[in-house]
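# Analysis of the macromolecular model
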Amino acid sequence: VMPLDSQARLDDLLGILRTNTATIAASLTSATTINTVKQGDARSLPVTLGGYPAILVKLSRETESFQQIGQRLNRHELEFTIACIVYQGIDPQTSDEDCVTMTKNLKGVLKSNITLSNTAIMSIPETVDYQPLDLDGVYCSASLVSFRAVYLST
């Protein structure tokens with residue numbers, strides 16, 4: 001009996017995002033590439049100024065339940081918080097617009113990789129909260145995407 005390896009599943013998700021940084025950065029005004037994709041928490045100052053735009057992924061919740069009585073497979077749901085952060089280098093409006101574009105592109109990548117490299121039975125970016133972040137006096141535009149993935153394991 002092996003529990004779900006949550007860190008490995010987070011690493012799978014990071015790998016997919018890293019592979020698709022050009023897609024996620026498409027149509028941004030303030031940048032041509034995503035400079036940081038890593039595990040982290042957007043509530044602290046996670047990257048240096050040159051590290052933006054940034055994507056930070058945090059595992060925020062695990063839920064496990066019986067999938068079927070008598071079967072050894074359980075249903076595991078992992079909830080991730082994915083932060084898209086754009087440093088306000090031009091002006092706040094451009095920064096906010098870029099954040100919305102980056103988030104839309106990120107959601108597109110997630111939706112086109114719904115099984116997360118054949119590890120999940122399904123996944124979906126459920127909610128997006130847009131909020132400015134003032135991290136140590138640095139203004140950033142940010143979105144927090146709640147992303148749920150469902151797995152079966154023993």
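So, here's what we can say about the structure. These numbers were taken from a predicted model, which means no experiment stands behind them.

As a further point, take the nonpolar core. If you look at the biggest cluster of nonpolar residues, it comprises 29 residues, and the most contacted ones within it are Leu 13, Leu 17, Ile 55, Val 57, Phe 80, Ile 82 and Leu 106. When residues no more than four places from it in sequence are discounted, the contact partners of Leu 17 are Ile 24, Val 37, Ile 55, Val 57, Leu 106, Val 109 and Leu 110. The next biggest cluster of nonpolar side chains, apart from the first, holds eleven residues, and it includes Val 47, Ala 83, Leu 133 and Ala 142.

A word on the state of the cysteines. Evaluation of the coordinates by the stated rule reveals zero disulfides. Not part of a disulfide, Cys 84 finds its nearest cysteine sulfur in Cys 99, a span of 6.2 Å. Take Cys 84: its relative accessible area is 0%, and that puts it in the buried class.

The next thing to look at is the pairing of strand β3 (residues 74–87). Across the 14 residues of β3, eleven count as buried, placing the element largely inside the fold. Where strand β2 (residues 54–66) lies against β3, twelve bridges are found, and the strand directions are antiparallel. Across the sheet, Val 57 pairs through a bridge with Ile 82, a residue of β3. Bridging between β3 and strand β5 (residues 138–153) involves 14 bridges; their strand directions are antiparallel. By the bridge assignment for β5, Tyr 87 is matched with Cys 140.

Conventions and cut-offs
- Residues numbered from 1 in each chain as written.
- Predicted model: local features only at pLDDT ≥ 70, side-chain atom pairs only at ≥ 80, totals over all residues.
- Heavy atoms only, no water.
- Core = buried A, V, L, I, M, F, W, Y, C linked by side-chain atoms within 4.5 Å.
- Buried < 20%, exposed > 50% of the residue type's maximum accessible area, 1.4 Å probe, protein only.
- Contact = heavy atoms within 4.5 Å.
- Disulfide = S-S within 2.5 Å.
- Helix = DSSP H or I, 4+ residues; strand = E, 2+ residues; numbered from the N terminus.
- Pairing = 2+ DSSP bridges.

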